[in-house]
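Analysis of the macromolecular model
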Amino acid sequence: MGRGKLRIYLGAAPGVGKTYAMLSEGHRRVERGADCVVGFVEHHDRPRTEVMLHGLEQVERKELAYRDAAFTEMDVDALLARRPAIALVDELAHTNVPGSRNAKRWQDVEELLRAGIDVVSTVNIQHLESLGDVVEAITGVRQRETVPDEVVRRADQVELVDMSPQALRRRMAHGNIYKPDKVDAALSNYFRPGNLTALRELALLWVADRADEYLQQYRGEHGIRSTWQARERIVVGLTGGPEGRTLIRRASRVAAKGSGSEILAVYIARSDGLTAASPKELAVQRTLVEDLGGTFHHVIGDNIPEALLAFARGVNATQIVLGSSRRRPWQYVFGPGVGATVARDSGPDLDVHIVTHEEAARGRGLPVVRSAARLGRPRLVAGWVVGVLCPALLCLLLTHIDADPGIANDMLLFLALTVAAALLGGLWPALASAAVGSLLLNYYFAPPLHRFTVSDPRNIVAIAVFFWVAASVASVVDLAARRTHQAARLRAESEILSFLAGSVLRGETTLDALLERVRETFAMESAALLERANDVEPWNRAAGVGPNPADRPEDADVDMPIGDHMALALSGRVLPAEDRRVLGAFAAQAAVVLDRQRLVGEAEEARRMAEGNRIRTALLAAVSHDLRTPLASIKASVTSLRSDDVEWSEEDRAELLEGIEAGADRLDHLVDNLLDMSRLQTGTVTPLIREIDLDEVVPMALGGVPEDSVVLDVPEALPMVAVDPGLLERTVANVVENAVKYSPAGAPVLVAASFLGDRVEVRVVDRGPGVPDEAKDRIFAPFQRHGDAPRGAGVGLGLAVARGFAEAMDGSLAAEDTPGGGLTMVLTLRAVTRGREPGPVTVDGEQLSRGPTGPRSDSDSDAEAGAEGGPAPAPDPVTGDPMRQKAGPR
């Protein structure tokens, strides 16, 4: 069975109508006779959405228990067993409760698609993984629930559900999105007009980019070369001259007049290298283009106007910006120039802007239309004209004048034409001119006239010398042209190789970027890097760019082998043999980039394995010593108690039992730290965030330290903090125990709390030896003990676990020097100030809250309804009652 199709309704914010549109589509499918069921839809107590569920079959949800609370999630197994044609699955970015089949709902959807079930789903733009930082900068709320962009990009259809910010705020004010008690907070924070406008623009631009990708794919598949003016793309033609900066800035101003416009600067180099572009100036112009948000492209093409137009049509450009020609007026006798030719051949779909600049008419204009011949087509044509037609015209002139200049002067005149033909056209026009001139001299000017015979031997020598001089000059000119061509060719190759080396220095080390450069440089349609394990295995495509890249070398127009089992395959046209040397350099670089990428991956894997081995080695060391000591103490005490040879007093028995209890506590503490470190290393810490007062947690964390070893200073006026109470208790306990361990006798540890802005700081101050600045970060690494601490001091996990727990609660733990000597640990936590709403339940860092049928993903509701800087109230995870909010200082 084939893979199912995925359709996604994308919105800019909660409440725009994604779920309603999805359910409407479900009703349409049912009315057409399709087998459509509701896999999971949460109506969030919105009456109109709840009504839309009527008449649709709903697959019963699966109930899960987590931390003494009941949760319901989509039952993937039930859906697979039911096997409908279409499943409606809301909130694609939702994080499933631990114990579910998959960690994320989009993974559940992938299973349904692989089973051949079509899925219709919803997602908000702020939940796309790549936009997390942008959304946080706009709204101040970090979206913990995300979905990989590639999952949404692979969807068969993405439909934007749009609504203006004003209309959305009206819906909010009317109570159509959130309950009345949340409306004011939402309107004044997350749902501000500026926030909604920015999110709407993100959604529109993302969908526009997807539409552009579909358009390019469609045009490539159907071979469409004409321009479709779907959006403004401005191509800037660069010559390498200083006027390029003026053109780029002018194109930027044109692009700024239309939202979403693109700038593509292109430099077209002749394959024979006969250009005078400055590499330094091109580098400056590349930097300028990229600073203005455009892209720079380097293309090889002998016919400059044709290559420029082909590039513009290939990227579906709508405008071309060129500079006024730098050619002097007399140079126009050789042709109209690039600007005029591009304007003439652009057709109605491309607008051509000719921009004036200071370098106009000063020489060194855009290269004129030339062929790949050494001397160029205009010079060849001129050489043949001068070599064949001009001798006939000269003969006609000399035979119709009364004065007779003499045969010697006649020969000099014909020789001048032959030299001119050699200088212009090279060897063959000059030889033809010498042959024609010799025949004309013999027939018209050497006695006997009008016969191809010569009576005077001196004339025979003169004609022979004339032919020899003409041939010699022509060969010298041809040799010079050959050397010039070779030098220019080498210059062009060095320019391309320099560009290739520069791309590596600029950090363009991805294989796709390199193949894209190859495709542009040689004006190809597609490029692919192919490899296989041996001579009998099929070819595999390691990377490819462009439409329909080749899967085998024999399917490509150009095949460049790289070793025995790798090849670079290009499709689009056949390259001349002289271009293969440069292509070989690109191919070798592609192989190096592929090897580098794989080595980086292997190095990362080796690093992870080495880290795992280091942790395992440390764990073995902990087991071999730190576990053995308390175990030996416990065993000795138990053996003593069971011995019949000694009559123990009650005091002795109590002391032995106390030793057993202390050893067991030590083992319990050590095992807890080891398990906590393992959870932190694997990323499975699941904080349950709730609001609580510090004075309810911190005193409980001091139960494991000796009396009178800690002074507690936690003001009652402190705001509440958003933390996991259990993790906070463990964090404070580990930090305080570490401080007590290193504090001198008679110097109690101070635990003080204070309020700064939207953060609460807990400072643990000791008067111990302190820690140097270079070791302050190292003491938080696993299995690290500062200084010469003995093995009995523990395995060095306490501070590592404490920092990990602090970061899991969106806090931090850092070390500072204590004034006067010692070390101060600063634990920073998120405060819940007056007017702030309490935070939602989280699982593995993802927001959960309780809906009508149990806890649900909060991607569409409470996270956006809360005050700026903190989400909306969530119910207590155990009782289901709303968690209390502190009204102010007590």
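Attention now goes to the overall build of the protein chain. Helices and strands together make up the secondary structure of the protein chain, namely 25 helices and 27 strands. For the protein chain, with 890 residues in total, the buried portion stands at 49%. Contacts in the protein chain between residues at least 24 apart in sequence constitute 72% of all its contacts with a sequence separation of at least 6. Of the accessible surface of the protein chain, which amounts to about 42100 Å², a share of 55% is contributed by carbon and sulfur atoms.

Take the sheet that holds strand 12 (residues 319-323) next. Taken in spatial order, the five strands make up an open sheet running 11-10-9-12-13, and their pairing is parallel. Every interior strand has two partners, whereas the edge strands, strand 11 (295-300) and strand 13 (351-355), have only one. Across the sheet, the axes of successive neighbouring strands diverge by a mean angle of 25°, strand direction being ignored. The pairing of strand 9 (residues 233-238) with strand 12 spans three bridges and is parallel. Residue pairing in the sheet places Val235 in a bridge with Ile320 of strand 12. Along the sheet, helix 12 (residues 304-314) contacts strand 9, strand 10 (262-269), strand 11 and strand 12; its crossing angle with strand 10, the most-contacted strand, is approximately 150°.

The next point concerns the side chain of Ser637. As for its position among the elements, Ser637 is in helix 20 (residues 628-642). For Ser637, a relative accessible area of 8% corresponds to the buried category. Setting aside anything within four residues of it in sequence, one finds Ser637 in contact with Leu656 and Ile660.

Glancing now at the sheet that holds strand 14 (residues 526-531). Strand order in the open sheet formed by four strands is 15-14-17-16, with antiparallel pairing between adjacent strands. What marks the edges here is a single partner per strand, and that holds for strand 15 (540-545) and strand 16 (558-561). Strand-to-strand twist in this sheet, taken as the mean axis angle between neighbours without regard to direction, amounts to 20°. Bridging between strand 14 and strand 17 (residues 566-571) involves six bridges; their strand directions are antiparallel. Counted as the bridge partner of Ser526 is Ser571 from strand 17.

We now examine the packing of helix 22 (residues 694-701) against helix 23 (residues 725-742). In contact at an axis separation of 8 Å, helix 22 and helix 23 are set at 45° when each is read in the N-to-C sense. On the basis of the axis angle, helix 22 is oblique to helix 23. Crossing hand, helix 22 versus helix 23: right-handed. Listed contacts from helix 23 to Leu694, Val697, Val698, Met700 and Ala701 of helix 22 are Pro725, Leu728, Glu729, Val732 and Ala733. Tallied by class, residues from the contact of helix 22 with helix 23 come to nine nonpolar, no polar and one charged.

The next point concerns the environment of Thr318. Summarising the element assignment, Thr318 is placed in the loop between helix 12 and strand 12. Taking the relative accessible area as the measure of exposure, Thr318 reaches 1% and is therefore buried. C-alpha of Thr318 to C-alpha of Arg233: the two residues are 85 residues apart in sequence and 5.4 Å apart in space.

In this description, a pair of aromatic rings is defined by centroid distance and the angle of the planes. Enumeration according to the criterion identifies one aromatic pair in this entry. Ring geometry for Tyr66 versus Phe71: centroids 6.2 Å apart, planes at 65°, classification edge-to-face. Assessed through its relative accessible area of 3%, Phe71 is described here as buried. Above the face of the Phe40 ring, Arg61 is positioned so that its terminal group lies 3.9 Å from the ring centre. Seen from the ring of Phe40, Arg105 lies directly overhead, with NZ or CZ sitting 3.9 Å from the centre.

Bringing helix 4 (residues 105-114) into the picture now. The buried fraction of helix 4 is high, at eight of ten residues. Burial in helix 4 covers these residues: Arg105, Trp106, Asp108, Val109, Glu110, Glu111, Leu112 and Leu113.

By the burial criterion, the buried members of helix 18 (residues 511-521) are Leu511, Leu514, Leu515, Arg517, Val518, Glu520 and Thr521. The first or second residue beyond helix 18 is Ala523, which carries a positive phi of 55°.

Moving on: the packing of helix 15 (residues 407-425) against helix 16 (residues 427-445). Helix 16 packs onto helix 15 with a crossing angle of 165° between their chain directions and a minimal axis gap of 7 Å. The angle between helix 15 and helix 16 places the two elements in the roughly antiparallel class. For the pair helix 15 and helix 16, the crossing hand works out as right-handed. Contacts between helix 15 and helix 16 involve Ile407, Asp410, Met411, Phe414, Leu417, Thr418, Ala421, Ala422 and Gly425 on the former and, on the latter, Leu427, Pro429, Ala430, Ser433, Ala434, Gly437, Leu440, Leu441 and Phe445. Its residues placed into classes, the contact of helix 15 with helix 16 shows 13 nonpolar, four polar and one charged.

Buried residues dominate strand 10, accounting for seven of its eight residues. Here strand 9 runs beside strand 10; their pairing, made up of six bridges, is parallel. If you follow Val235 over to strand 10, its bridge partner there is Leu264. Taken together, the six bridges between strand 10 and strand 11 define a ladder with parallel strand orientation. Looking at the pairing, Ala269 lines up with Ile300 of strand 11.

What counts and what doesn't
- Residues numbered from 1 in each chain as written.
- Predicted model: local features only at pLDDT ≥ 70, side-chain atom pairs only at ≥ 80, totals over all residues.
- Heavy atoms only, no water.
- Helix = DSSP H or I, 4+ residues; strand = E, 2+ residues; numbered from the N terminus.
- Buried < 20%, exposed > 50% of the residue type's maximum accessible area, 1.4 Å probe, protein only.
- Contact = heavy atoms within 4.5 Å.
- Areas by Shrake-Rupley, 256 points an atom, 1.4 Å probe, with all protein chains shown as cover.
- Pairing = 2+ DSSP bridges.
- Axes fitted to C-alpha atoms, helices over the stretch in contact; angles between N-to-C directions.
- Parallel < 35°, antiparallel > 145°, perpendicular 65-115°, else oblique.
- Left-handed = near helix turned anticlockwise from the far one by under 90°.
- Nonpolar A, V, L, I, M, F, W, Y, C, P; charged D, E, K, R; others polar.
- Phe/Tyr/Trp six-rings, centres within 6.5 Å; stacked < 30°, edge-to-face > 60°.
- Lys NZ or Arg CZ within 6 Å of the ring centre and 35° of its normal.

Note that every value here comes from positions in space, so none of it alone points to a role or purpose.
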